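The primary structure of each chain is shown beneath.
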Amino acid sequence: MQLRQVPVTTVPEDSDELDREAEWIYKHGFIKPTISSQQDYTVSECATWASQSSTTEKIKKALDFMRQQFLEVPFIAFYRKEYVHPELKDINALWRVYHMDEKWCQLQNRKKNIKRLMEKMQTYQTDSLMADPESTLPEGTTVISQEDFDRLDIVDTVEELKDVYQNFLLYHGRNVGACQEYHRKKLKEEKAERRERKKLGKQKKYKTVKRKIRRKATKTVTKTVTETVNNEETGEPEEVEKEVEEEVETEVESEIEEEVTDDEAMLEDNEEEEDEDDEDDQDEEDVIKYAKRNDAYALCIKFKLSGLAKCFGLTPEEFGENLQDNYAKHELGEETRDFEEVAAEYMTNKLDTKEAISKAAVFMVATQIAKEPLVRSTVREFFHEKATVTAKPTKKGIKDIGEEHEMYQMKYLINKPCREFKDDEFLKLLSAVDNKLMTMDIAENLQGHSEGSLLISEAVELFREDGFSKRANEWNELRKQAVELALKEMLFPQLRKELINKMRTEAVEGIKRACQRQVHDWIKWAPYKVDWGDQYDEDDWDSSGGCRIMGIAYSPDREEAAFAALISAEGELADYIRLPFMMYSLNSWQERERSGKQQDIHKLKNFIRNKRPHGLALFTEDRSALNILRDVNDVLQQLISEEEQFPPLRCILTESNLAKVYANTNKSNNDFRDHPAVLKQAISTGRRLQDPLVEFSQLCNPENDILCLRFHPTQDIVGEEELLQAINQEFINVVNKVGVDINECVAHPHTSNLVQFIGGLGPRKGASLLKTLRGMSNPRLENRQQLVTSCHMGPKVFINCAGFVKIDTTALGDSEQYIEVLDGSRIHNEAYEWARKMAVDALEYDDDEEEGNPASAVEDILRQPEKLDELNLDAFAEELERQGYGNKQITLYDIRSELNNMYGDRREEFVEPTSEDVFDMTNKETPKTFYIGKLMQATVTGFKYVKPAPEELDSAAPMRNEETDRWACPFCGKNDFPELTEVWNHFDAVDDCPGKCVGVNVKLENGILAFIPIGELSDSAVLRPEERVQRGMNIYVRVIKINAEKSRVQCTSRTSALKDVEEAFRQKKDDFYDEEAEKKDNEATLKEDQQKKKAAYIKRVIVHPHFHNISYKEAEKLLDTLDQGDVVIRPSSKGKDNLSASWKVADNVYQHIDIKEEGKVNAFSLGTSLIINGEEFEDLDEIIARHINPMASHTRDILAFKYYQDFGGKWEVADEYLAKEKKANINKIPYAIHPSYDYPGKFILSCLPRLKTRHEYISVTPDGFRFRKENFDALPLLMKWFKEHFRDPVPGTPNSPGARGSRTPYGGRTTPGQRPGITPGAMSMAGGNTPYGGTPGRPNAPYTPTANTPFMTPVNTPGQGPSGTPRRYGGGTPKAGFPGSTTPRSSYGGNTPRGAGGSTPRGSLTPGGRPPPSPSYRGRGGSSGNAWAAVAENWSGRRKPGEGGSKGYSTTPRYDDPRLTPKYGGQGSGSRTPQQSGRNMPPPKGRATPGRTPTGDGSRTPQYGTGRTPRGQFGDSTPLYDE
């Protein structure tokens, strides 16, 4: 109460303020819902309060306790239940009354100040008018009447009070300064008059006054004295007493009358008046000096337009009543004159036109309407009930507010009612507005009473004169302007700000209550307990005095050691161990880590065995805690199995937030100065499990470390002071519910922070109490009375705190003080007598018996509390009420409950965290931050395979691809097997087939491990996920399933789910989401992005005939008028260090080449070094000559090719053309070359082998052409190679050589150098196996495995991957076994291409013998076969005699796989490839070394001549079909 901003004040006994305040609190604090929907103040909750009519009386009683008796909320909640129950049963309802009382007192103080100001103004006006009663009122003067005071008295809210004050300033603000001056002058005159009266003593006038005086007086007194005389009989001296009289002087007080002058009498009577004068002099200096008003309204008053304003027909009060009732309650006064006629009366030098007069009059009337309290309160109600919010993102917000942003659900709002905002939604919107992410409009089109009608329109109609005359229309137009100006321009902006502030305040209060609920959830748990019965040794495992807890903490940094700390039953650190290898694995590959972990496990095991903790608490920072938990549980299981008397200990995962904050506080540094932070965390973790209330209270220190915890995501918006007050309130509730053992707080400093939360104390009194107790010779409190006697506690403080101070009387056996047993209970001192009476009555003790002592009766009843159940407490309560103690019925029942269980802990029993709690703790997520549908980034960590079962292997059905003629594994999806037998061998291999891939393992961006089922990997069917994603690849996923119990998360990466067009996964958008506005913004953003692509180009100073300072589009327009191959060099959109070279590929096809500049003198000059794709050029001429012109020349070859077509870049047109050609001749394979519009500079080679058209790109390069990773000097060479290899798989696809397996199921090995040679006859025989002819006489030859397999040939280089072998110079003879040819297997019913290393079957060939026949092929006629044979003979005839033998070249080279390329001669390693001609010629400049493969793996390719082959032999003379 002392810390409250507005102090608690008493109310006079005869005042009705408590009744009025109770009604006000009930109305504004209980039954009036907030504008936005806030928990505890929703419409339904307020309706529940409204149904409880007796709540007002209970509120009044609570106010009486607070304001009149200064009883605090905890005391009322626990010891005055009868007066507030059941309506205010919840202690938070009492706190609501307490806080509303503060607002009430603040409102009343402001009302008193304004009332005092109005009274002064009324006095000023009265005195001014009485000075000249006959004079008229000054222009614009309004006399303050009793109605103004009545209006002030009925004010209920701060907003209404502001309305009254602004209305007062409107009419009287210009006179406030004069009023203050008048009262100051009047005060001075009164002072001067009093002083003048004091100085009238010159003419002394006497008067009689009574005065008390002291004087000396003499009186006679009798005294007894002792004298020594001689005994007459014995003669011995003896002492005798006798009485004597004597006179003494004494001071006597008497009252006399005397005459004094007036001055002397005034000095005696008016000393206090002089003191008041001095105070008044000081007040004069503090008087506010009001500035002179010179605003527009004051100018209207100055020009005497008040009369014109009255001609509008309604006063502001009358208009306000019309607006409030929504009908014309007050009719407009008829103005018979035209406005022009009336305005003429008010014209001055400044206002000399009708328009100026009308504008001033409209402003004056609008101002009066806008300042009228009734109008403002009516419009305010409309704002609260019908105001809507429309919001949309800014340009920055459109980009920044993504799916994970807190404003995503409210990114676009349209006409959302303010009452629909929940919790902190409005705060988030305000924060987004402050951060320039959103714009917000409130109540732009405020609705009126009727549906679809605007409030402004209704207001205009209520200030309108019926009639259609020119005069009426003119006046109505002015009235309309006045109303619209008053509402739109003056009142609405003010009320908008007011509404925003009010809703913001409501949201902040809601956050504070949410923080309180979070604190309550943390500290509501009772201390950790175990219930093992009598099974185990009590000496080791007794927990009656509290549980010993072992806290374990670790650091995510493995280099930092973990610690285990044992916390004694008193909460002190008993012992600890260091575990440096606890974070490592027992299966680590490092011996040091394995042995260290084993030592730590052994050390931990012995520590638990020796220290005997009742429970273990594990600090949980991340998922590493689960590994440590598993290790600890294993240790506990070992101990249980090894020792019979070892109980089933539990290791509890504990949240890390408190321990981390505590380890960094000054308190922890003072308490454990030499301990590392991890050990402090272990101590705090153990204490938290032992007693969470005590451990959390340690952060409630002068540094306010408790604010370092996160109670709510938006708690930073709440001020620190307000948040701290809310948190302390929750601590007060729980601490007083539990009670505080004051002696424990003295003995153990870590519990001392609880004292400040005891009712009636607070931080300062609590600290003073502890200081006093610790300074005593016997530093302990032995009974509650010592709070008054020894600690000097005042009566009110004692009453408020006594019941919450717990004293353990069982520990005070050696005390010399009286021990009151009831001091160890919640029973308040004021109820001790009733508790004793109940004990005596329950035990049926007689008053005359010795055992009837009430104190002993209480001790007896504690041993047999069941006897209390026999008492009739209701009758006892009636008797106490009859005796004047009030209603104590609930108190008596509480006493009986307390005697049954003295200070029993009323907190909830500890419950282990659930699986969801563990999931949230280990991953540091909450249901609000990690939820189903969340879009996240993830990293691929691996693939999950399931091995096929034996029965699945038996029923497996490999499938053949019709296009590639390859077999595929039905489990792993590998699809490059040329033979079915290889698939079965693939199954039989132990490690070759991993099985069926069922999904992909990923790691989410927050560290959580997740799984993507194979069905959720893509919208299309995926058999081999390895071809879609790779380890380490970052992908986007959506969470579709969370299994917290098993800690498993499932995700999807389907494109449809990621885009989520139907919003099946995204957070649900607000009910008032503006989809239309979002659509428009998206379209505008897309259009803007497209415009940005037309980037501005930096003009360059380059002198060259081909350079132009033009843009991308302008360059294309210019090239459209030029010839093919012409080039335009222009500035680049990439900036000043780049140029672009645009050249014409074909009509409407232009390629743009980026040129990087280096060595520039300045930003506008040309660089000395020009780079294109890593190749350096000296100047632009060299680029044109060496780079662009060669490409243009090669392009012209394509354009002149007879099978060139231009399909406009549309593949479907090419498909139709080839289908038409195929239909014309079914036995032919049509093909065509056409330009690519998507990739200028590339051409598309389309062919139709069977039913589906194949499209492949041909790249034009300065060196020639590139096709399927092969390089060609001329187009005929490319076409020839294509015709030989068109059936080969495209490189980079699953069917390509690069994707083939390396396992060779067939054949043996032949000795190098002993392979039989190939004769021209054999070549012609091999030609029979081409697609154009079958093998003579061997239509169904069986398949003979070849001995030449990729990884079994003597020339194979291990570890060297496959690569293509381009044929750059010259060509070879197409023949069976060469790349591109197929070797059909009739026994398997189809054309199955040979795998890697496949070749034409060979036996033991002799020079004159025939090779073994190949399997038959259903060819297209023998003529084609003869043509191929002729070509083979021609090829063999061109070889020089003995070339093949001298170089060891006796076999046909393989081109489908470089691993089969023979290596001959050379440096003993066979690294050189034979070249038939031009072997020693240097490679052309700028080109790859002849014979090297494009992949750069170092393999060589045989070269058979560098000159061009005559067109008739190797060019188009052998097309894919007969011409």
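Residues numbered from 1 in each chain as written. Predicted model: local features only at pLDDT ≥ 70, side-chain atom pairs only at ≥ 80, totals over all residues. Heavy atoms only, no water.

A. Region of the structure containing the overall build of the protein chain. Across its full length, the protein chain holds 49 helices and 29 strands. Of the contacts formed within the protein chain by residues at least 6 apart in sequence, a portion of 68% connects residues at least 24 apart. Of the roughly 77,800 Å² that the protein chain leaves accessible, carbon and sulfur atoms contribute 48%. (Helix = DSSP H or I, 4+ residues; strand = E, 2+ residues; numbered from the N terminus. Contact = heavy atoms within 4.5 Å. Areas by Shrake-Rupley, 256 points an atom, 1.4 Å probe, with all protein chains shown as cover.)

B. Structural view of the pattern of salt bridges. According to the stated counting rule, one finds 74 salt bridges in the structure shown. Note that Glu782 is salt-bridged to Arg780, the shortest N-O span being 3.1 Å. Of the two residues examined, Glu782 and Arg780, each falls in the buried class. (Salt bridge = Lys/Arg side-chain N within 4 Å of Asp/Glu carboxyl O. Buried < 20%, exposed > 50% of the residue type's maximum accessible area, 1.4 Å probe, protein only.)

C. Quick peek at the packing of aromatic side chains. Scanning the entire structure with this criterion turns up 36 aromatic pairs. Taking 5.6 Å as the distance between ring centres and 50° as the angle between the ring planes, the aromatic pair formed by Tyr79 and Phe804 counts as tilted. Linking Tyr79 in helix 4 (residues 73-79) with Phe804 in the loop between helix 32 (795-801) and strand 12 (805-806), this pair joins segments that are 725 residues apart in sequence. When the ring of Tyr528 is compared with that of Phe910, the centres are 5.8 Å apart and the planes differ by 70°; the resulting orientation is edge-to-face. (Phe/Tyr/Trp six-rings, centres within 6.5 Å; stacked < 30°, edge-to-face > 60°.)

D. A look at the sheet that holds strand 21 (residues 1138-1146). If you walk across this open sheet you meet the 5 strands as 20-21-22-23-24, and the pairing is antiparallel. The two strands at the open ends of the sheet, each matched to only one other strand, are strand 20 (1127-1131) and strand 24 (1175-1177). Averaged over all neighbouring strand pairs, the angle between strand axes comes to 30°, with direction disregarded. Direction of pairing for strand 22 (residues 1149-1158) relative to strand 23 (residues 1169-1172): antiparallel, over a ladder of 3 bridges. Bridge assignment links Glu1158 to a residue of strand 23, and that residue is Ser1169. Across the face of the sheet, helix 43 (residues 1180-1199) comes into contact with strand 20, strand 21, strand 22, strand 23 and strand 24 while running at roughly 20° to strand 21. (Pairing = 2+ DSSP bridges. Axes fitted to C-alpha atoms, helices over the stretch in contact; angles between N-to-C directions.)

E. Main features of the nonpolar core. Within the largest apolar cluster, 153 residues are counted, with the highest numbers of intra-cluster contacts made by Leu88, Ile608, Ile706 and Phe731. Element by element, the count of residues in this core is highest for helix 6 (residues 91-131), at 15 residues. When near neighbours in sequence (up to four residues on either side) are disregarded, Ile706 contacts Phe696, Leu699, Cys700, Phe711, Leu724, Ile727 and Phe731. Grouped together as the second largest cluster of nonpolar side chains are 70 residues, Ala370, Ala459, Leu487 and Leu491 included. (Core = buried A, V, L, I, M, F, W, Y, C linked by side-chain atoms within 4.5 Å.)

F. Inspection of the sheet that holds strand 8 (residues 573-579) at higher detail. Pairing in this open sheet of 5 strands is mixed, and the strands run 8-7-6-9-10 from one edge to the other. Looking at the sheet topology across the chains shown, the edges are occupied by strand 8 and strand 10 (651-655). Each neighbouring strand pair of the sheet contributes to a mean axis angle of 25°, computed without reference to strand direction. Sheet topology places strand 6 (residues 549-553) next to strand 9 (residues 615-620); 4 bridges connect them, and they run parallel. From the neighbouring strand, Met550 faces strand 9, where its bridge partner is Leu616. On the sheet, helix 22 (residues 591-611) packs against strand 6, strand 7 (562-567), strand 8 and strand 9 and is oriented at approximately 165° with respect to strand 8.

G. Focus on the packing of helix 3 (residues 55-68) against helix 6. Where helix 3 meets helix 6, the axes come as close as 10 Å, and the angle between the chain directions of the two elements is 70°. Relative to helix 6, helix 3 is oriented roughly perpendicular. Contact residues: helix 3 offers Ile59, Ala62, Leu63, Met66 and Arg67, while helix 6 offers Leu94, Val97, Tyr98, Asp101, Trp104 and Cys105. Split by residue class, the contact of helix 3 with helix 6 holds 9 nonpolar, no polar and 2 charged. (Parallel < 35°, antiparallel > 145°, perpendicular 65-115°, else oblique. Nonpolar A, V, L, I, M, F, W, Y, C, P; charged D, E, K, R; others polar.)

H. Inspection of a negative patch on the surface at higher detail. The grouping of Asp534, Asp537, Glu538, Asp539 and Asp542 at the surface amounts to a negative patch. As for its placement among the helices and strands, Asp539 is situated in helix 21 (residues 538-541). (Patch = residues over 30% accessible without salt bridge, like charges linked within 9 Å, V, L, I, M, F, W, Y side chains within 5 Å. Lys, Arg positive; Asp, Glu negative; His and termini not counted. Charge placed at Lys NZ, Arg CZ, Asp CG, Glu CD.)

I. Representation of the packing of helix 33 (residues 832-843) against helix 36 (residues 889-900) in the model. Following both chains from N to C, one finds helix 33 and helix 36 inclined at 65°, their axes separated by 10 Å at the closest point. Like other packed secondary-structure pairs, helix 33 and helix 36 cross with a definite hand, here right-handed. In contact with Trp834, Ala835 and Met838 of helix 33, helix 36 contributes Leu892, Ile895 and Arg896. Class assignment of the residues belonging to the contact of helix 33 with helix 36 gives a composition of 5 nonpolar, no polar and 1 charged. (Left-handed = near helix turned anticlockwise from the far one by under 90°.)

J. Broad picture of the pairing of strand 28 (residues 1264-1267). Judged from the 4 bridges that link them, strand 27 (residues 1254-1261) and strand 28 form a sheet pairing that is antiparallel. Its bridge partner being in strand 28, Ile1258 is matched across the sheet by Phe1267. Taking the residues between adjacent antiparallel strands as the criterion, strand 27 and strand 28 are bridged by 2 residues. Between strand 28 and the antiparallel strand that follows it, strand 29 (residues 1270-1272), lie 2 residues; Arg1268 among them carries a positive phi value of about 50°.

K. Just the pairing of strand 25 (residues 1231-1235), in detail. Among the 5 residues of strand 25, 5 are classified as buried, and the element is accordingly described as predominantly covered. Covered by surrounding structure in strand 25 are Tyr1231, Ile1233 and Pro1235 together with Ala1232 and His1234, the residues of both alternating faces. Pairing between strand 25 and strand 26 (residues 1242-1247): 5 bridges, direction antiparallel. Across the sheet, the residue bridging to Pro1235 is Phe1243, located in strand 26. Hairpin connection of strand 25 to strand 26: 6 residues between the antiparallel strands, including Gly1241 at a positive phi of 100°.

L. Structural view of helix 3. Between its first and last C-alpha, helix 3 extends 19 Å over 14 residues, near the 20 Å set by a 1.5 Å rise per residue. Where helix 3 is concerned, the buried positions are Thr55, Thr56, Lys58, Ile59, Ala62, Leu63, Phe65, Met66 and Arg67. Of the surrounding elements, those touching the buried residues of helix 3 are helix 1 (17-29), helix 2 (43-50), helix 4, helix 5 (81-84) and helix 6. Looking one or two residues past helix 3, Phe70 carries a phi angle of roughly 55°, positive in sign. (Expected span 1.5 Å × (residues − 1).)

M. Structural detail: the environment of Glu17. You can see Glu17 is positioned in helix 1. Among the residues examined, Glu17 registers a relative accessible area of 16% and is labelled buried. Apart from residues no more than four positions distant in its own chain, Glu17 is found in contact with Val11, Arg67, Trp104 and Gln108. Among the polar contacts made by the side chain of Glu17, one reaches the side chain of Trp104 at a distance of 3.1 Å. (Polar contact = N/O pair within 3.5 Å; in protein donor to acceptor, adjacent residues only side chain to side chain.)

N. Local environment of a nonpolar patch on the surface. A cluster of nonpolar side chains, contributed by Leu129, Leu137 and Val143, occupies part of the molecular surface with about 210 Å² of accessible area. Note on placement: Leu129 falls in helix 6.

O. Broad picture of helix 22. Here helix 22 is 21 residues long and its end C-alpha atoms lie 30 Å apart, about the 30 Å a rise of 1.5 Å per residue gives. Listing the buried residues of helix 22 in full gives Glu593, Gly596, Lys597, Asp600, Ile601, Leu604, Lys605, Phe607 and Ile608. Residue Arg612 follows helix 22 closely and has a positive phi angle near 55°.

P. Inspection of unusual backbone geometry at higher detail. In this model, His85 is joined to Pro86 through a cis peptide bond whose omega is -5°. One non-glycine residue, Asn326, adopts positive backbone phi at about 60°. Position of Asn326 among the secondary structure elements: in the loop between helix 13 (316-325) and helix 14 (339-343). With a phi angle near 65°, Asn1148 is a residue other than glycine that sits in the positive phi range. Relative accessible area serves as the criterion here: at 51%, Asn1148 is assigned to the exposed category.

Q. Broad picture of the confidence of the model for the protein chain. Overall, the predicted model of the protein chain reaches an average pLDDT of 79, with 78% of residues at or above 70. Confidence drops under pLDDT 50 across residues 1295-1523; counting only partners more than four residues distant or on other chains, this segment forms 435 contacts. (pLDDT = per-residue confidence, 0-100.)

R. Region of interest: the environment of Ile799. Residue position: Ile799 is located in helix 32. Residue classification places Ile799 among the partly exposed residues on the basis of a relative accessible area of 28%. When the C-alpha atoms of Ile799 and Leu71 are compared, they prove to be 8.0 Å apart, with 728 residues separating the residues in sequence.

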